[in-house]
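Secondary and tertiary structure notes
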Amino acid sequence: MGIIPSLFAQQKTKIRFEGANSMKNLNLDEQKLIRYIGNVRFSHEGTRMICDSAYHNPDENWFNAFGNVRINQESSTITGEHLYYDGKTSTGKIDGNNVKLVSDDATLTTKTLYFNSKEKSVYYNTPGVITTEDSKLTSLRGYYYDTSNQIHFAGNVVMENPDGKIYTDSLSYNTNSEMAYFFGPTYIFNEQNFAYCEKGWYNKKIEQVSLQFNAYILSKENKVFGDDIFYDKSTKFARITGNAVLVDTVNQAFVYGNKVNFWEDSENAEVSGNPHLVKIDNNDTLYLKADVFKIISKKDTITPDSTHRFIKALHNVKFYRSDIQGLCDSLIYFTHDSIVKMYSQPILWQNENQMTADEITIYSKNKKLNQIDFIGNAFITSVEDTNYYNQIRGKKIVVYFSDGKASKIDVDGNGQAVYFIRDGEILTMANRSESARIFIVLKNNKISKVTFKQKPLSNLYPIKKVEPEDITLKGFSWQPNKRPKDKYDIVPKNFIIVPAEKGNEGRLKILNNEDIQHIPFKEESHRVENYAKPGNLKKDKKQDKLNVKGKSRKPLKFKDIKR
C-alpha cells in the first residue's frame, strides 16, 4: 500500500522553532506562550512542520498550528488546517476539511489524522479515502503500525481496482508481505463473478486468495460453496475444502464433496471425500455417489458459449432415481443429454427387473428413460412367483421404453429365455427357449409376446414337475439386498440441495446502490478493532484545543490570532 510515512524517532527531544515572520510572547490561561505568525516553521526528530500561525509552549514542549499546515518527513507529506503536536509524547493530531497524506505511490484523504512516533502508528477515525495509480480504498477508520508493517481498515471498507470491488467490515494489510486479511461479511464483485465470505485473505505478490466461513461464488452458469475456497490466479487453480458444493444452474446438476480441485482453463474438476451428485430432471431426481468424481468439460463446437460436461464416478458407485436404481465400480454420466454408461459388474434395477451385463448404457429422451443397452453377458431377471424367476440372457440386450415404461426387449446373440405361463392366477407351465434373436413385447412390465428368430428351440415344463436346473440360466444371480431403497442410501439424512446464500441482503443493496452501513456485522473476536488499538493516540474531537498537564483548556478564539 505504501501509504503511511515513517514519522517516527526513538529519542524524546525538544521541539525546535526554525523561524516565522513575526512573534509575540503571551500569557493565556496561566500559560506562557509564544505566538508566531507568517511562514511558521518547526522541526522535531527529523520531521518539519510548517503553518501560517501557531501557539508554542517551549516549557511544556508542544505547539498548536493553524492554516496551511504541512508536515514533511522523508518522502511523505501531510497537509491540513490545524495541528496539535506534543513533543513530550511525540503525538500529533491534524484536522481540517481536506487532510491529505501523500507518499510516493498513494494518497490518503480524510478529516482527522493522528500519529504517534513512540507507538510508531498513524490513525484516522473519520471517513478516509486512499488512492493509488490503479486502486481506491475507503473506510471509516484506519490504523498503521510501522513496527509490524500492518495497516488495518475498519467500518464499511470498500476497495476498488481494475479486477473489481471488495466491500467488507474490516481489512488488514501488510506492506512487506502484501498479504490482506478481511473479516466480517465480505462482498467481492468483478465482471464475471460475485463472491461472499465472512473471513479470508489475499496474497497480492503471488495472487492467491482464500474465502472462508459461509463462502460461495456465483457466476452466470455456476455456483460454488465451501468452508474454504482457495484460488491461485497465476495457475488458474482452485481448491475447495469442507462441505463443497458445485452447482451447474443450466443443467440443474449439483456435485458435493469434502474436497474439490478445479482447473479453470479446462474447467475440469476432481471431487473426493464422500462425493455425491444430484441431477434434477422434470419431477424426478437422480442421486449418485462414488469414492471419487472426475468432472470433464468440453466446449460445444456448434452452440457458442456452451459447455458440455461429463462426470466419471469411480469405485463403489451407487445411484437412485424413482424409476431406476443401480450400482457398479465405475460410471460415466453426460450431463447434457443424461446418458449414463456403467462398467465393471454393473447391476441395474427398473421396477420388478434386475439387469446385469459387462457394460450398460442408459439413454433418456425428454428427461424420461428411452433405451437401455446391455453389452456382454447381458441378463434380465424378475420375480414371477416364490422361487420362480423370469430370465432373459444374451450377448446383447436392448430394452426400449415408451413414456418411461419398458415396452420391448431385443435379444441379440445366443438368446435364452425362461418365462412362465398361467391359467388365470395359477402358475401352470415353465417355458425355456433359445434362439439367436429373440423379440419380447411387454405390457404392464409383464411378458405379453415372445418371438424367436433363427433356429428357435423351446421346451415346456409342467410347473409341478420342473427341476430348478431346467429353469435356471447360466449366470443367474438374484441380489435384491444390494438395491438402493431410496435417496438416503445415497445422500445423508440432513441433505440440503443448495446451501443458503448468506449475505444476500447486502449483495442486493450494493447492486441497487444502496447504503450498506446499517447491515449488521458480527461482533466477533477476530474483528480488526479488537487488536488494532491506537495506543496513546490523542482523540480530541474539538479543534483548536490546548492540552496542558493533562487538563483541557478553553479553545483559543480566532480573534486572538492575527494571521
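Quick look at the structure, then. All values derive from a computational prediction rather than experimental measurement. (Residues numbered from 1 in each chain as written. Predicted model: local features only at pLDDT ≥ 70, side-chain atom pairs only at ≥ 80, totals over all residues. Heavy atoms only, no water.)

On to the overall build of the protein chain. Within the protein chain, the regular secondary structure consists of one helix and 38 strands. Per-residue burial for the protein chain yields a buried fraction of 50% across its 563 residues. Relative to all contacts within the protein chain whose residues are 6 or more apart in sequence, the contacts with residues 24 or more apart total 43%. A total accessible area of about 28000 Å² is found for the protein chain, and carbon and sulfur atoms account for 47% of it. (Helix = DSSP H or I, 4+ residues; strand = E, 2+ residues; numbered from the N terminus. Buried < 20%, exposed > 50% of the residue type's maximum accessible area, 1.4 Å probe, protein only. Contact = heavy atoms within 4.5 Å. Areas by Shrake-Rupley, 256 points an atom, 1.4 Å probe, with all protein chains shown as cover.)

To continue, consider the nonpolar core. One finds Leu83, Leu331, Leu348, Ile362 and Phe374 to be the most contacted residues of the largest nonpolar core, which totals 88 residues. Among the elements that line this core, the one with the most residues is strand 31 (residues 368-385), at five residues. When sequence neighbours within four positions are dropped, the list of residues in contact with leucine 331 reads Leu288, Ile311, Lys312, Ala313, Val317, Phe319, Val340, Lys341 and Met342. Grouped together as the second largest cluster of nonpolar side chains are 20 residues, Phe194, Leu218, Val278 and Val491 included. (Core = buried A, V, L, I, M, F, W, Y, C linked by side-chain atoms within 4.5 Å.)

Further remarks concern unusual backbone geometry. For aspartate 29, which is not glycine, the phi dihedral falls at a positive 50°. Structurally, the position occupied by aspartate 29 is in the loop between strand 2 (22-28) and strand 3 (31-44). Note on aspartate 29: relative accessible area 41%, which makes it partly exposed. A positive phi angle, close to 55°, is found at asparagine 274, a residue other than glycine. Here asparagine 274 shows up in the loop between strand 21 (268-272) and strand 22 (276-281).

Under the definition given, this model contains eight cavities of 30 Å³ or more. Here the largest cavity defines a volume of roughly 100 Å³. Lining of the largest cavity is provided by Asp281, Leu286, Phe319, Arg321, Ile324, Tyr333, Ser338, Val340, Ile362, Ser364 and Leu369. Counting only elements with at least two residues in the lining of the largest cavity, the list comes to strand 25 (307-321), strand 26 (324-334) and strand 30 (359-365). Tallied by class, residues from the lining of the largest cavity come to seven nonpolar, two polar and two charged. (1 Å grid on protein atoms, 1.4 Å probe; cavity = no way out; pocket = protein on both sides within 12 Å on 5 of 7 lines; lining within 4 Å. Points joined across faces, edges and corners; volume = space filled by probe spheres on them. Nonpolar A, V, L, I, M, F, W, Y, C, P; charged D, E, K, R; others polar.)

Right, let's get into the packing of aromatic side chains. Scanning all chains against the criterion turns up 23 aromatic pairs. Summarising the aromatic geometry, the rings of tyrosine 287 and phenylalanine 495 are spaced 6.4 Å apart at their centres and angled 80° between planes, so their arrangement reads as edge-to-face. Taken together, the positions of tyrosine 287 in strand 23 (residues 284-289) and phenylalanine 495 in the loop between strand 36 (457-462) and helix 1 (504-511) put the pair 208 residues apart, joining distant regions of the chain. Accessibility expressed as a relative area gives 17% for phenylalanine 495, which makes it buried. Through a chain of ring-to-ring contacts, the aromatic side chains of Tyr167, Tyr187, Phe189, Phe194, Tyr196, Tyr216 and Phe225 assemble into a single cluster. Cation over ring: lysine 408 sits above tyrosine 400, and NZ or CZ is 5.5 Å from the ring centre. (Phe/Tyr/Trp six-rings, centres within 6.5 Å; stacked < 30°, edge-to-face > 60°. Lys NZ or Arg CZ within 6 Å of the ring centre and 35° of its normal.)

Right, let's get into the pairing of strand 26. A large share of strand 26 lies buried, amounting to nine of its 11 residues. Bridge count for strand 25 against strand 26 is 10 bridges, and the pairing is antiparallel. Looking at the pairing, lysine 312 lines up with isoleucine 332 of strand 26. Pairing of strand 26 with strand 28 (residues 347-350), which is carried by three bridges, proceeds in the antiparallel orientation. The residue bridging glutamine 325 from the neighbouring strand is tryptophan 349, located in strand 28. In terms of strand pairing, strand 26 meets strand 27 (residues 339-343) through five bridges, oriented antiparallel. (Pairing = 2+ DSSP bridges.)

According to the stated counting rule, one finds 15 salt bridges in the structure shown. Its salt-bridge partner being aspartate 163, residue lysine 233 comes within 3.6 Å of it at the nearest N-O pair. Linking lysine 233 in the loop between strand 18 (222-232) and strand 19 (237-248) with aspartate 163 in the loop between strand 13 (150-161) and strand 14 (164-174), this pair joins segments that are 70 residues apart in sequence. For lysine 233, a relative accessible area of 38% corresponds to the partly exposed category. One salt bridge connects arginine 437 with aspartate 412, and the closest N-O pair in it is separated by 3.8 Å. With a gap of 25 residues between them, arginine 437 in strand 34 (residues 426-443) and aspartate 412 in strand 33 (residues 405-423) connect regions that are remote in the sequence. Assessed through its relative accessible area of 37%, aspartate 412 is described here as partly exposed. (Salt bridge = Lys/Arg side-chain N within 4 Å of Asp/Glu carboxyl O.)

By the secondary structure assignment, histidine 152 is in strand 13. On the accessibility criterion, histidine 152 (4% relative accessible area) is buried. Within polar-contact distance, the side chain of histidine 152 engages the side chain of serine 172 at 2.9 Å. (Polar contact = N/O pair within 3.5 Å; in protein donor to acceptor, adjacent residues only side chain to side chain.)

Further remarks concern helix 1. Helical geometry note: an α-helix holds 3.6 residues per turn, so side chains three or four residues apart project in the same direction. Where helix 1 is concerned, the buried positions are Gly506, Arg507 and Ile510. Mapping the buried residues of helix 1 onto a view down its axis gives an arc of 100°, with all of them on the same face. Where helix 1 is buried, its residues touch strand 14, strand 15 (179-189), strand 16 (194-203) and strand 17 (208-218). (Arc of directions from axis to C-beta.)

What follows covers the pairing of strand 19. The element strand 19 is extensively covered by neighbouring structure, given that nine of its 12 residues are classed as buried. Pairing of strand 18 with strand 19 involves nine bridges; the strand directions are antiparallel. For isoleucine 229, the partnering residue across the bridge sits in strand 19 and is isoleucine 240. A loop of four residues connects strand 18 with strand 19, the two strands running antiparallel in sequence, and lysine 236 in this loop sits at a positive phi of about 55°. Looking at chain direction, strand 19 and strand 20 (residues 253-263) are connected through 10 bridges and run antiparallel. Counterpart to leucine 246 in the pairing with strand 20 is valine 255. Hairpin connection from strand 19 to strand 20: four residues lie between these consecutive antiparallel strands, with glutamine 252 at a positive phi of about 55°.

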